[in-house]
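The primary structure of each chain is shown beneath.
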Amino acid sequence: MLDNYEKFKKDVLQLTKIDLNSYKEKQMKRRIDTLIGKTKAKTYDEYVSLLKTDKKIFEQFVNFLTINVSEFYRNADQWRLLDTKVIPELIKKFGKNLKIWSAACSTGDEPYSLVMALSKHIPLNQIKILATDIDKQVLEKARVGLYSEKSIANVPEEFKRKYFTKIGASYQISDEIKKRVEFKEHNLLRDPYPGNCNMIVCRNVVIYFTDDAKQEIYMKFNQALKQGGYLFIGSTEQIMNYRELNFERSSSFFFIRE
């Protein structure tokens, strides 16, 4: 019987440094209980013992816990706005050596999309993206850079031809794009944030957190940005109190640090 979820959350925090208190409880507990049901564990304590002794189950748990739904150029209209308005404004304000952070980057689709979008405005060898995620496994996938046809469906044709090689049913992104991204492990709720960013991209991740955790993350994003820097959020997200957080709204999904 799965009981004592409070103790389980403490055990998970100790083991993985992931704080389940920051996630919406019903939704997260339901997902975890489904996962545990696929193992021989009958209680949370038994499952914690499995996490400590079975590396495969531990990695599966972290992978399951972190939300990894990603694709290149997701919500194409927003990427068009990034291309036509936001990137030119950033270059005008800060020059071409931009510091850009792709937070909760999942399997790399987003930071690689950013490199391609920036390449229309800045020489490729001047582009540098910091990409972070809590999940080691997805970071490994990101570094490999192998994607399904569905994943790259929205990539502009010129970039598909230029930067992807078909390998079986998959597509490999080119080394010249990969070299522009530095991947690092990072926990949005625990680790220090990089500073002096010109743009932060964090899309369709914060929706899974509690309201308090969201507030904390948006405040830290604001502090991590230079004045006039942009925050680019996902189409499933809203920042209702953006003025309180020291942001100006540029459009539905782009906010400027005041």
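Going by the structure above, here's the rest.
Overview of the structure. (Residues numbered from 1 in each chain as written. Predicted model: local features only at pLDDT ≥ 70, side-chain atom pairs only at ≥ 80, totals over all residues. Heavy atoms only, no water.)

Take the sheet that holds strand E1 (residues 100-102) next. Reading across the sheet, the 7 strands line up as E6-E2-E1-E7-E8-E10-E9 and stay open at both edges, with mixed pairing between neighbours. With partners counted over all chains shown, the strands left at the sheet margins are strand E6 (181-185) and strand E9 (247-251), one partner each. Looking at each pair of strands side by side, their axes are set apart by 20° on average, direction ignored. As defined by bridge partners, strand E8 (residues 225-232) adjoins strand E10 (residues 254-257) across 3 bridges and the pair is classed as antiparallel. (Pairing = 2+ DSSP bridges. Helix = DSSP H or I, 4+ residues; strand = E, 2+ residues; numbered from the N terminus. Axes fitted to C-alpha atoms, helices over the stretch in contact; angles between N-to-C directions.)

Angle between the axes and distance between the axes are the two parameters that describe a pair of packed helices. It is the contact of helix H4 (residues 55-65) with helix H7 (residues 136-144), at a shortest axis distance of 8 Å, that shows an interaxial angle of 80°. One way to sum up the angle between H4 and H7 is to call them roughly perpendicular. Together, Glu-59, Gln-60 and Asn-63 of H4 and Gln-137, Val-138 and Lys-141 of H7 make up the contact between the two elements. The residue makeup of the contact of H4 with H7, split by class, is 1 nonpolar, 3 polar and 2 charged. (Parallel < 35°, antiparallel > 145°, perpendicular 65-115°, else oblique. Contact = heavy atoms within 4.5 Å. Nonpolar A, V, L, I, M, F, W, Y, C, P; charged D, E, K, R; others polar.)

So, on to the sheet that holds strand E5 (residues 170-173). Spatially, 3 strands are ordered E3-E5-E4 in an open sheet, and the strand pairing comes out antiparallel. With partners counted over all chains shown, the strands left at the sheet margins are strand E3 (146-147) and strand E4 (164-167), one partner each. When E3 meets E5, the two strands line up antiparallel, connected through 2 bridges. Of the residues in E5, the one forming a bridge with Tyr-147 is Tyr-171.

Nothing here speaks to function; it is geometry throughout.
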